[in-house]
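# Residue-level structural notes
So you can see what is in the structure, the chains are spelled out below.
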Amino acid sequence: MPKIKAYFAQTVPYAAVQEFKTESGTGAICFTKVKVVGDYTFYFDLNGLCSYYIVTYDKKELPDLTHRFDNKFCKLRTANWVSEDSTFDVTLMPSKAGENYFSIIYKPLPPVNIEANTLASN
């Protein structure tokens, strides 16, 4: 959490910051964007490591954002992508009727171990 706070303080303009506890008792921090709809919310595990984060965007940004994700990441399903290096998963959470925003969940993936000397056989 301290590294994320320091990064936002130095590089990301935000209007407000709020720290809170989730229902499970873990910590979270939310940075509200400046002059646009949306926020950045980071969720931490019991060890204080970021387990995932959610970015909320203005609904008008949806076509551009999905186009960028389709070109930058590997598309798995209509609303799900994975980074080319398989280090994180990106999931679109669609907005409900009448909402002016949508959210994207960014979740780190566990490392994949591949044995170097494994031979394939028929």
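Below, the structure is looked at part by part. Within every chain, residues take consecutive numbers counted from 1 along the sequence as written. With the structure being a predicted model, the display of local features is reserved for residues of pLDDT at least 70 and the display and counting of side-chain atom pairs for 80 or more, all residues being used for whole-chain, interface and lining totals. Water and hydrogen atoms were dropped before computing side-chain values, which therefore reflect all heavy atoms in the structure.

### Some points on the layout of surface pockets
Think of a 1 Å grid over the protein atoms and nothing else: a 1.4 Å probe that fits but is trapped marks a cavity, an open set flanked by protein within 12 Å on at least five of seven lines marks a pocket, and residues with an atom within 4 Å of a point count as lining. Grid points are joined across faces, edges and corners, and a volume is the space filled by probe spheres set on the points. Of the voids in this model, the largest pocket is the one considered here, and its volume is about 160 Å³. A run of H or I in DSSP counts as a helix once it spans at least four residues, and a run of E counts as a strand once it spans at least two, with each numbered from the N terminus. For the lining of the largest pocket, the element with the highest residue contribution is helix α2 (residues 62-72), accounting for 4 residues. Side-chain classes are defined by residue name, with Ala, Val, Leu, Ile, Met, Phe, Trp, Tyr, Cys and Pro counting as nonpolar, Asp, Glu, Lys and Arg as charged, and the others, Gly among them, as polar. A breakdown of the residues in the lining of the largest pocket according to their chemical character gives 7 nonpolar, no polar and 2 charged.

### Details of the sheet that holds strand β8 (residues 101-108)
Sheet strands pair via backbone hydrogen bonds, and the direction of the pair is either parallel or antiparallel. A sheet is described by the order of its strands in space; here 8 strands give the open sequence β1-β2-β3-β4-β8-β7-β6-β5, paired in antiparallel fashion. Edge positions in the open sheet fall to β1 (14-21) and β5 (74-77), since each of these has one partner strand only. Strand-to-strand twist in this sheet, taken as the mean axis angle between neighbours without regard to direction, amounts to 20°. Two strands make a pair as long as DSSP finds a minimum of two bridges between them. Both β1 and strand β2 (residues 27-33) contribute to a ladder of 7 bridges, which runs antiparallel. Residue pairing across strands places glutamine 18 opposite cysteine 30, the latter belonging to β2. Only the stretch in contact is used when fitting a helix axis, every axis being a line fitted to C-alpha atoms; angles between N-to-C directions are given from 0 to 180 degrees.

### Quick word on the pattern of salt bridges
Salt bridges, as used here, are contacts in which a Lys or Arg side-chain nitrogen is within 4 Å of a carboxyl oxygen on Asp or Glu. One pass over the structure, following the stated rule, counts 3 salt bridges. With a closest N to O distance of 3.4 Å, arginine 68 and aspartate 64 form a salt bridge. Within this pair, arginine 68 and its partner aspartate 64 are both found in helix α2, separated by 4 residues, close to a single helical turn. With its nearest N and O atoms 3.5 Å apart, the salt bridge here joins lysine 75 to aspartate 70. With relative accessibility at 46%, the residue lysine 75 sits in the partly exposed group. Classification of aspartate 70 by relative accessible area gives partly exposed; the value is 35%. When accessible area is computed with a 1.4 Å probe and restricted to protein chains, residues below 20% of their type maximum are described as buried, those above 50% as exposed, and intermediate ones as partly exposed.

What is shown is where atoms sit, not what they do.
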